[in-house]
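What follows is the residue order along each chain.
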Amino acid sequence: MKIDIIAGARPNFMKIGPIIRQLKIYNEEHPENAFSYRLIHTGQHYDRNMSESFFEQLDIPEPDINLGAGSGTQAQQTAQIMIGYEDALKQWKPDLCIVVGDVTSTMACAIVAKKAHILVAHVEGGIRSGDLKMPEEINRMVTDSITDYFFTTSEEANKNLRATGHGADKIIYVGNTMIDSLLSHLSKLRKPDFFSEQVGQEKYIVLTLHRPSNVDEPEKLVSLLDTIHQSIGEYKVVFPMHPRTRKVFESTGRSYENFIITTPMPYLEFMYTVKHASGVITDSGGLTEETSILNIPCITLRDSTERPETIHLGTNELIKDVEALEGFIEKMIQGKWKNAQTIPYWDGKTAERIVDALVKMDK
Ligand code: UD1
């Protein structure tokens, strides 16, 4: 079977790494039935800190092709990726296109593949927040409407897919490849350079913010940061700032004592910082999964989540209005937080299950 594997933005890289590693193992053990595959980077993320460092640290091979799509409006970015991928299909036509997650690259490449009569497999298919104001929800819905095989992370995702008429034979409940990456790198985490000098033995929380609804309007961003600053007491706040957030933050001219603001951190350093934190405040989806596995308290600053298992079984709490934030931060720093329970199939073996399923599809 010939396969294209698509990755474009930071959260994709932790999801494809384990699949590529597992395909390589399978090919070494079964040279007679080896899969041939290309890794295609769309170029949606291109800064070293947002892309290359993840390839190096997660031991992901160099992409076979980089489409160089870059930044732009949603339409510009989607169009650039689609044009680039359509060209890439002229050189080599796979039987299956594997897309992961919910970023613009996921949707754009799924559409191009499907129109070229290539089967589409969606890793992390079926999750829904119901919030159509987020581009990711549109990406999920469009991708899933043309997906042939869903590799799902939760029973909730399976239910969503069944409810929209997808047959049980196409829904393959495998777990979470982002957690494969986390578990296989736990023993290799690295203390960041700034840590000893700026954090030392002091207690801290980690903050990440990049959703347009939290960071694009300076007033909203400042109100969130002011509230965190006022509620956090003696704690430090390690805040690796996404480029989108930095642009707006710099325009506000604000600064906060006790905040350690860094550029986006490489994977091993970032996960080290999360693992040793008293808690995390974020608007990321992937980080709510990682904190749930690490049993680190997590506050999500969003109205909805497509990952309800991180609330029911994990350590995540959804905070919909800034007023409620102070009370939750207090609970967090007092250590009065729920403990994580086991999340089915988030066990580090998801990529194995995906490759087993690909082998069956190939027969
Ligand atoms: C994208 C994903 C989001 C994911 C996030 C992780 C979509 C719709 N959104 O959001 O789901 O959680 O990635 O980071 O796909 N920029 C740089 N350098 C880079 C990348 C981006 O400077 O390497 C800046 C550019 O100004 C760009 C902006 O960040 O316009 C936003 O990048 P973009 O890829 O459009 O969306 P993200 O906010 O990163």
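Residues numbered from 1 in each chain as written. Predicted model: local features only at pLDDT ≥ 70, side-chain atom pairs only at ≥ 80, totals over all residues. Heavy atoms only, no water.

## Quick notes on the layout of surface pockets
So, point 1. Here the second largest pocket defines a volume of roughly 330 Å³.
So, point 2. What lines the second largest pocket is a set of 19 residues, and nearest its centre among them are Ser213, Asn214, Leu301, Arg302 and Asp303.
So, point 3. For the lining of the second largest pocket, the secondary structure elements donating two or more residues are α5 (135–145), α9 (212–215) and α10 (218–231).
So, point 4. When residues in the lining of the second largest pocket are grouped by element, the largest group, three residues, is from α9.
So, point 5. Residue-level mapping places the lining of the second largest pocket at the junction of two domains, with at least three residues from each of domain 1 (2–176 + 346–361) and domain 2 (187–333). (1 Å grid on protein atoms, 1.4 Å probe; cavity = no way out; pocket = protein on both sides within 12 Å on 5 of 7 lines; lining within 4 Å. Points joined across faces, edges and corners; volume = space filled by probe spheres on them. Helix = DSSP H or I, 4+ residues; strand = E, 2+ residues; numbered from the N terminus. Domains from an automatic or database assignment.)

## Topic: α5
So, point 1. Among the residues making up α5, those that are buried are Glu136, Glu137, Asn139, Arg140, Thr143 and Asp144. Seen along its axis, α5 keeps its buried residues to an arc of 160°; they face one direction.
So, point 2. Of the surrounding secondary structure, the elements contacted by the buried residues of α5 are β4 (96–100), α4 (104–115), β5 (119–123), β6 (149–152) and α6 (155–163). (Buried < 20%, exposed > 50% of the residue type's maximum accessible area, 1.4 Å probe, protein only. Arc of directions from axis to C-beta. Contact = heavy atoms within 4.5 Å.)

## Focus on the packing of helix α3 (residues 74–91) against α4
Axis angle and axis distance: for two packed helices, these are the angle between their axes and the distance between the axes, and together they describe the pair.
So, point 1. For the pair α3 and α4, interaxial distance at closest approach is 9 Å and the crossing angle is 45°. By the angle between their axes, α3 is oblique relative to α4. The way α3 lies across α4 gives a crossing that is right-handed. Of the residues in α4, those touching α3 at Gln74, Gln77, Thr78, Ile81, Met82, Tyr85, Glu86 and Leu89 are Thr104, Ser105, Met107, Ala108, Cys109, Ile111, Val112 and Ala113.
So, point 2. Of the residues assigned to the contact of α3 with α4, the class counts are 10 nonpolar, five polar and one charged. (Axes fitted to C-alpha atoms, helices over the stretch in contact; angles between N-to-C directions. Parallel < 35°, antiparallel > 145°, perpendicular 65-115°, else oblique. Left-handed = near helix turned anticlockwise from the far one by under 90°. Nonpolar A, V, L, I, M, F, W, Y, C, P; charged D, E, K, R; others polar.)

## Things to note about the domain arrangement of the chain
So, point 1. When cut into domains, the chain gives domain 1 (2–176 + 346–361) and domain 2 (187–333).
So, point 2. Computed over C-alpha atoms, the centres of domain 1 and domain 2 are 27 Å apart.
So, point 3. In this complex, domain 1 contributes 23 residues to the contact, which on the side of domain 2 involves 21 residues.
So, point 4. Between domain 1 and domain 2 lies a buried interface of about 1800 Å² when both sides are counted; carbon and sulfur atoms form 57% of it.
So, point 5. Looking at the side of domain 1 facing domain 2, the largest losses of area belong to Asn49, Gln57 and Trp346, adding up to 32% of the total buried there.
So, point 6. Taken together, the links from domain 1 to domain 2 amount to three salt bridges.
So, point 7. For Arg307, the salt bridge identified is with Glu124, shortest N-O distance 3.3 Å.
So, point 8. At the junction of domain 1 and domain 2, the tally comes to nine residue pairs in polar contact (both at pLDDT 80 or more). (Buried area = accessible area lost by both parts, 1.4 Å probe. Salt bridge = Lys/Arg side-chain N within 4 Å of Asp/Glu carboxyl O. Polar contact = N/O pair within 3.5 Å; in protein donor to acceptor, adjacent residues only side chain to side chain.)

## Some thoughts on empty space enclosed by the protein
So, point 1. Within the structure shown, the criterion is met by one cavity of 30 Å³ or more.
So, point 2. Along the walls of the largest cavity sit Lys15, Val123, Glu124, Thr153, Gly175, Asn176 and Thr177, which together make up its complete lining.
So, point 3. Of the residues contributing to the lining of the largest cavity, the split by class is one nonpolar, four polar and two charged.

## Section: the state of the cysteines
So, point 1. A complete count under the given rule lists zero disulfides for this structure.
So, point 2. This cysteine, Cys97, is not joined by any disulfide, and Cys109 carries the nearest cysteine sulfur, 6.1 Å off. (Disulfide = S-S within 2.5 Å.)

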